[in-house]
Amino acid sequence: MFIKDLALYFDRQEQDKTYFKDQAGREIAIDSGLLLDYSEKSKLLYLSLSSQKQAEVKAKEILNEILKD
């Protein structure tokens, strides 16, 4: 995992880019085509960046939860 659950706040929309800021004020631009059905701009978004596919990560998390119990 490179970035885990980075909280992002909507900042602005310009042409084909949507701009967000994190809690430290750093700016992140995401191509609007990558954001499916993004309409609730008042809600926080969380960005995670991993070297594994999301399905693989979720499967491991679920398995670990089962093994803990």
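Structure: above.
For the structure given in this document, a descriptive report is provided here. This one's a predicted model, so the numbers in the text were calculated from it and none came from an experiment. (Residues numbered from 1 in each chain as written. Predicted model: local features only at pLDDT ≥ 70, side-chain atom pairs only at ≥ 80, totals over all residues. Heavy atoms only, no water.)

Before going further, it helps to spend a moment on a nonpolar patch on the surface. Judged by side-chain polarity, Tyr9, Leu44 and Tyr46 come together as a nonpolar surface patch covering roughly 310 Å² of accessible area. Residue position: Tyr9 is located in strand E1 (residues 3–14). (Patch = residues over 30% accessible without salt bridge, like charges linked within 9 Å, V, L, I, M, F, W, Y side chains within 5 Å. Areas by Shrake-Rupley, 256 points an atom, 1.4 Å probe, with all protein chains shown as cover. Salt bridge = Lys/Arg side-chain N within 4 Å of Asp/Glu carboxyl O. Helix = DSSP H or I, 4+ residues; strand = E, 2+ residues; numbered from the N terminus.)

Let us look at the pattern of salt bridges. Within this structure, the stated rule accounts for five salt bridges. Glu27 is paired through a salt bridge with Arg12; the nearest N and O atoms lie 2.7 Å apart. In this pair, Glu27 is assigned in strand E3 (residues 27–31) and Arg12 in strand E1, connecting sequence segments 15 residues apart. According to the relative accessible area criterion, Glu27 is partly exposed, its value standing at 42%. With its nearest N and O atoms 2.7 Å apart, the salt bridge here joins Asp22 to Arg26. Residue Asp22 is classed as buried on the basis of its relative accessible area, which comes to 5%. Judged by its relative accessible area of 54%, Arg26 is exposed. Salt bridges linked by common partners bring Asp11, Arg12, Glu14 and Glu27 together as one network. (Buried < 20%, exposed > 50% of the residue type's maximum accessible area, 1.4 Å probe, protein only.)

Within the fold, Asp22 resides in the loop between strand E2 (17–21) and E3. A distance of 3.0 Å separates a polar side-chain atom of Asp22 from the backbone nitrogen of Ala24. With residues near it in sequence (within four places) discarded, Asp22 still touches Leu6, Ala7, Leu8 and Tyr9. (Polar contact = N/O pair within 3.5 Å; in protein donor to acceptor, adjacent residues only side chain to side chain. Contact = heavy atoms within 4.5 Å.)

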